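What the coordinates show
Residues per chain are reported as follows:
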Amino acid sequence: MSFSIPEPFSYNDSFDVGVDSINEQHKRLFDLINNVDSNRSDAAAVKELLDYVVFHFKHEEDAFDRFNFADKVSHKKTHDDFVAQASAVKEINDDVIAFVKSWLVNHIMGSDMQYGETLRGMK
Ligand SMILES: [Fe+2]
Ligand SMILES: [Fe+2]
């Protein structure tokens with residue numbers, strides 16, 4: 001799976017998964033990634049992004065439980081794998097930024113899009 005990375009890197013309607021709260025969180029993830037990109041040596045910016053990623057994943061996973069999303073186990077594993085990879089990053093460089101941007105875009109388009117139908121009606 002490979003979806004094109006928007007340049008400049010920002011949310012657009014093609015990322016709409018059909019749930020307002022999740023779309024808002026995805027928008028914020030784009031913004032926080034840009035913030036890390038612009039402040040590469042700022043540990044607080046990196047922590048803010050990681051903390052928000054964890055918060056966002058929990059928001060999705062709680063919804064999977066409530067709505068009994070069939071693919072919740074493998075989706076959660078994808079989240080856990082990303083947190084493990086991101087937590088192991090020692091310094092922010094071009095490769096890290098490219099990896100995180102690509103992960104977010106491909107995860108939203110390839111995986112998050114798949115729960116739209118199940119979570120319909122959630123705000
Ligand atoms: Fe997401
Ligand atoms: Fe997700």
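What you see as residue numbers is a count from 1 along each chain, following the sequence as written. Written order decides the labels, with chains lettered from A and ligands numbered from 1. Given that this is a predicted model, residues contribute local features only at a pLDDT of at least 70 and side-chain atom pairs are listed and counted only at 80 or more, while totals for whole chains, interfaces and linings are drawn from all residues.

Helix numbering and strand numbering both begin at the N terminus, where a helix is a DSSP run of H or I of at least 4 residues and a strand a DSSP run of E of at least 2. Looking only at helices and strands, one finds four helices and zero strands in the protein. The N-to-C order of helical and strand elements in the protein reads α-α-α-α. Its C-alpha radius of gyration of 14 Å places the protein within 12% of the 14 Å reference for a compact globule of 123 residues. C-alpha atoms of the protein, sized along the principal axes, occupy 40 × 25 × 25 Å. Backbone-placed C-beta atoms define the burial measure: a residue is buried with 20 or more other C-beta atoms within 10 Å of its own, exposed with 12 or fewer, and partly exposed in between. When burial is assessed residue by residue, the protein has 15% of its 123 residues classed as buried. We call two residues in contact if the C-beta atoms placed from their backbones are at most 7 Å apart. Once local pairs closer than 6 in sequence are excluded, the contacts in the protein between residues at least 24 apart make up 68%. We take the radius of gyration over the C-alpha atoms and set the globule estimate at 2.2 Å times the residue count to the 0.38 power.

Time to look at the nonpolar core. A set of buried Ala, Val, Leu, Ile, Met, Phe, Trp, Tyr and Cys residues, joined through C-beta atoms within 7 Å, is what we mean by a nonpolar core. Formed by F15, F30, L32, I33, V46, L49, V53, V100, L104, V105 and I108, the largest nonpolar core amounts to eleven residues. Breaking this core down by element, the ones donating at least two residues are helix 1 (20–38), helix 2 (43–67) and helix 4 (94–110). Of the residues forming this core, the biggest block, four residues, is contributed by helix 4. Contact partners of F15, with chain neighbours within four places excluded, come to H26 and I108.

Take L119: it is sitting in the segment after helix 4. Placed 39 residues apart in sequence, L119 and D80 show a C-alpha to C-alpha distance of 21 Å. If sequence neighbours within four positions are ignored, L119 has contacts with V19, A63 and F67.

Looking at where L29 falls in the secondary structure, it is placed in helix 1. Along the chain, L29 and T118 lie 89 residues apart, while their C-alpha atoms are 23 Å from each other. Residues contacting L29, with those up to four places away along its chain left out, are Y52, V53, H56 and L104.

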